[in-house]
Amino acid sequence: MPFYHPGMITWPSVTPSERAAAWARSGAMWLTGHRTGPPLVPVGEAASQAARLTAHVERAGAEGGLCLRVDGGRILAERAALTGGTRQGRVSVGGSCRLLPTADGWAAVSCARPDDPELWSALIGHALDERFPQRLAAWLAEHTMAEMEERATLLGLAAGAVREGDGAVPSVPRPGRPRSVRGMLVVDFSALWAGPLCAHLLGLAGADVVKVEVPSRPDGARFGNRTFYDLLHAGHRAVALDPAERAGREALHALVRAADVVVEASRPRALARFGLDARAEVERGCTWVSITAHGRSADRVGFGDDVAASAGLLARDEQGEPVFCGDAVADPLTGLTAAALAMSEPEGGGGVLWEVAMADVVAATVHGHPSSTAHAVRSGDGWTVDTGGESVPVKRPAPRMPTDAAAAPGEDTGAVLRRLGIIVP
């Protein structure tokens, strides 16, 4: 059990064997490697970190009189357990990201949004046609990682050069003394996975979670696997407000002013357009959790697979080439981190702005850790990993199931505003 004291948490050291065992037990290792080959042990200690973070969440729940049981390793892989995804080597489990060679290394490139094929076609200078995948691969092979990253950033594409354990040690905030969030109002502006997972865990710990969406742009995850969406949002109230309209903007501001915790995953300028000021809310005592791909000051987008791979969270196959680790592991690992921070007593009391960059969260788990020498071997219809004295079965991903259906967009708008005394003209 970690040792806690105000403002700091010290994690116990983890041996290479323990890291390999944690990966085997997580479900994420089952998703790592080539489809026809064995599961591979990823680099680093993300699975061990997930267990530490959920221990913190459980401790925070206990502070509020709740007995929580959360399995961090299972959370890393549960989306794939619901979608039926499996390991695909240099193609992500979800299929929207690929690892491709460049002139001087490797790049992780995502093509997940409807406009992405057109943007990638503009980047390589070829019209979009049936030869697009081959032309993109050929362009990357003739250009450096830095050239790719510069152009992708300019076009707002989610892509990154694969850099494994180099550079400075990333700075990631650490949880402090666990605190109860029972009865706190959490306003969740986030979408997809990392932010909603943070809000979900806060809800499990007793917080009152209100999910806020813009009517014209509901959470894109609503159109994905319904069971997974319900898992993360069941029990949360759904509010739809249009900040382009005066009444909607006023209601939005009033809702934020009433919040104990705000969770968002937007670049600061997007929030500024809505008239929201994180630092002003922190001054009044709010806990503000800001989740980004590469940091609040970086004008870059990113998704779980490309962020994890570019930060070095990968495995290596028999040829020494990179393969994806799990299913978009940067998302659930960041969501767990954000939840643990939100469930920490701010040093000195008052408000706090937690800046949680997905790339830094991942890089911190791989920095200084060489690739594992452990490997999986067949055991019946499954696999085991010899960690040097212990044979650990490689777990298949196993999902938790939702307790109820999630609310429809805006279903609770009137009730939430009335309860908080917010009058909309």
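### Let's talk about the pairing of strand E10 (residues 287–292)
So, step 1. A large share of E10 lies buried, amounting to six of its six residues.
So, step 2. Judged by which residues are buried, E10 turns out to be covered on both faces: Thr 287, Val 289 and Ile 291 on one side and Trp 288, Ser 290 and Thr 292 on the other are all buried.

### What to know about the packing of aromatic side chains
Aromatic ring pairs: the centre-centre distance and the angle between the two ring planes describe each pair.
So, step 1. Taken as a whole and judged by the stated rule, the model has one aromatic pair.
So, step 2. Taking NZ or CZ as reference, Arg 87 lies 5.5 Å from the ring centre of Trp 30, over its face.

### Here's the deal with the state of the cysteines
So, step 1. Per the stated rule, a full pass over the model turns up zero disulfides.
So, step 2. Left unpaired, Cys 97 is separated from the closest cysteine sulfur, that of Cys 111, by 9.8 Å.
So, step 3. Residue classification places Cys 111 among the partly exposed residues on the basis of a relative accessible area of 31%.

### What to know about the confidence of the model for the protein
So, step 1. Mean pLDDT over the protein works out to 92, with 96% of the residues at or above the 70 mark.
So, step 2. pLDDT under 50 marks residues 1–8. Its contacts with residues more than four places away, or in other chains, come to 18 contacts.

### Some details on the sheet that holds strand E13 (residues 352–357)
Pairing between sheet strands relies on hydrogen bonds along the backbone, with the strands arranged either parallel or antiparallel.
So, step 1. Within the open sheet, the six strands sit side by side as E8-E7-E6-E9-E10-E13. Their pairing is parallel. Looking at the sheet topology across the chains shown, the edges are occupied by strand E8 (237–240) and E13. When strand polarity is set aside, the average angle formed by the axes of neighbouring strands in this sheet is 20°.
So, step 2. Pairing of strand E6 (residues 185–188) with strand E9 (residues 261–264), which is carried by three bridges, proceeds in the parallel orientation. Bridging across to E9, Asp 188 finds its partner in Val 263.

The rules we used
The residue count restarts for each chain, going from 1 along the sequence in the order it is written. Given that this is a predicted model, residues contribute local features only at a pLDDT of at least 70 and side-chain atom pairs are listed and counted only at 80 or more, while totals for whole chains, interfaces and linings are drawn from all residues. As a convention, hydrogens and water are excluded, and side-chain values are obtained from all of the structure's heavy atoms. Only protein chains enter the accessibility calculation, which uses a 1.4 Å probe; a residue whose area is less than 20% of its type maximum is buried, one above 50% is exposed, and one in between is partly exposed. Each helix is a run of DSSP H or I of at least 4 residues and each strand a run of E of at least 2, with the numbering of both proceeding from the N terminus. To pair, rings of Phe, Tyr and Trp, with the six-membered ring standing in for Trp, must have centres within 6.5 Å; the planes then decide the type, stacked if under 30 degrees apart, edge-to-face if over 60, and tilted in the middle. Definition used: whenever NZ (Lys) or CZ (Arg) falls within 6 Å of the ring centre and also within 35 degrees of the ring normal, the charge is taken to sit over that ring. Two cysteine sulfur atoms make up a disulfide if the distance between them is within 2.5 Å. As a per-residue quantity, pLDDT reports the predictor's confidence and falls between 0 and 100. Residue contacts are defined here by distance: any two heavy atoms, one from each residue, within 4.5 Å place the two residues in contact. Strands are treated as partners if at least two bridges between them are detected by DSSP. Axes, fitted as lines to C-alpha atoms, cover a helix only where it is in contact. Angles between the N-to-C directions of the axes lie from 0 to 180 degrees.

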